[in-house]
Amino acid sequence: MAVRIVIDRKVKKGKEAEFAKLLRELRSKVVPSKGYISGETLRSLNNHSNFIVITTWQSVYDWKEWEKNPERKKVQGKIEKLMARPTKTKVYVHA
């Protein structure tokens, strides 16, 4: 069953460009991953430091495998240093 992952991030002011670079790096690594279907990044119209990343995976297992990937963890560690609050991740399925 396909799942959608919603990742909610709030970037420290002035760190948006560095964050965007790390997101591009992460996206280049995720695209060839097993089970990855698609993804998009949205930026809040009213608060430019708020970002939502929505990815679609073939299964929650595929997402969990990517979540444990050492390359992802390395980039995610850099991303977390730029956050104004911890990243929030939620997993959704079609109702």
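Everything numeric in this text was worked out from a predicted model, so none of it was measured.

1. Let's talk about helix α3 (residues 70–80)
For an α-helix, the turn length of 3.6 residues means that residues three or four places apart are oriented alike. Along α3, the positions that sit buried rather than exposed are Arg-72, Val-75, Gln-76 and Ile-79. The arc that holds every buried residue of α3, seen down its axis, measures 105 degrees, which confines them to one face. Relative to its buried face, α3 has exposed residues pointing more than 90 degrees away, namely Pro-70, Lys-73 and Lys-74. Looking at the buried side of α3, the elements it contacts are β1 (3–10), α1 (16–30) and α2 (60–68). Where α3 begins, one side-chain oxygen reaches toward the backbone nitrogen of Glu-71, 2.7 Å away; that side chain belongs to Asn-69.

2. Brief notes about the pairing of β1
A one-sided burial pattern is seen for β1, the buried positions being Val-3, Ile-5, Ile-7 and Arg-9 and the unburied ones Arg-4, Val-6, Asp-8 and Lys-10. Pairing analysis gives eight bridges linking β1 to strand β3 (residues 50–57), with the strands arranged antiparallel. Paired with Val-6 across the strands is Ile-54, a residue of β3. For β1 and strand β4 (residues 88–92), the ladder comprises five bridges, and the chain directions are antiparallel. Each residue of the ladder has a partner; that of Ile-7, found in β4, is Thr-89.

3. Notes on the packing of aromatic side chains
Between two aromatic rings, the relevant description is the distance of the centres plus the angle of the planes. Under the defined criterion, the tally for this structure stands at three aromatic pairs. Seen from their ring centres, Tyr-36 and Trp-57 are 5.4 Å apart, and the 75 degrees between their planes marks the pair as edge-to-face. In this pair, Tyr-36 sits in strand β2 (residues 36–43) while Trp-57 sits in strand β3, placing the two residues 21 residues apart along the sequence. Given the relative accessible area of 14%, Tyr-36 is considered buried. Here Trp-57 falls in the buried class, since its relative accessible area comes to 0%. One aromatic cluster is present, formed by Tyr-36, Trp-57 and Trp-63 through successive ring pairs.

Rules used throughout
- For every chain, the first residue of its written sequence is number 1, and the numbers climb from 1 along that sequence.
- This being a predicted model, a pLDDT of at least 70 is required before a residue's local features are given, and a value of 80 or more before pairs of side-chain atoms are given or counted; all residues contribute to the totals for chains, interfaces and linings.
- To get the side-chain values, take all heavy atoms of the structure and skip hydrogens and water.
- Only protein chains enter the accessibility calculation, which uses a 1.4 Å probe. A residue is then buried if its area is under 20% of the maximum for its type, exposed if over 50%, and partly exposed in between.
- Helix and strand assignments follow DSSP, with helices taken as H or I runs no shorter than four residues and strands as E runs no shorter than two, numbered in order from the N terminus.
- An arc is given here, and it is the one of the directions from the helix axis to the C-beta atoms.
- Between two residues, a contact is recorded if the distance between any of their heavy atoms is within 4.5 Å.
- Any pair of nitrogen or oxygen atoms within 3.5 Å is treated as a polar contact; in protein, a donor-acceptor pairing is required on top of that, and neighbouring residues in sequence qualify only through side-chain atoms on both sides.
- Paired strands, in this sense, are two strands between which DSSP finds at least two bridges.
- Note on aromatic contacts: the rings of Phe and Tyr and the six-membered ring of Trp form a pair at centre separations within 6.5 Å, being stacked when their planes are under 30 degrees apart, edge-to-face when over 60 apart, and tilted otherwise.

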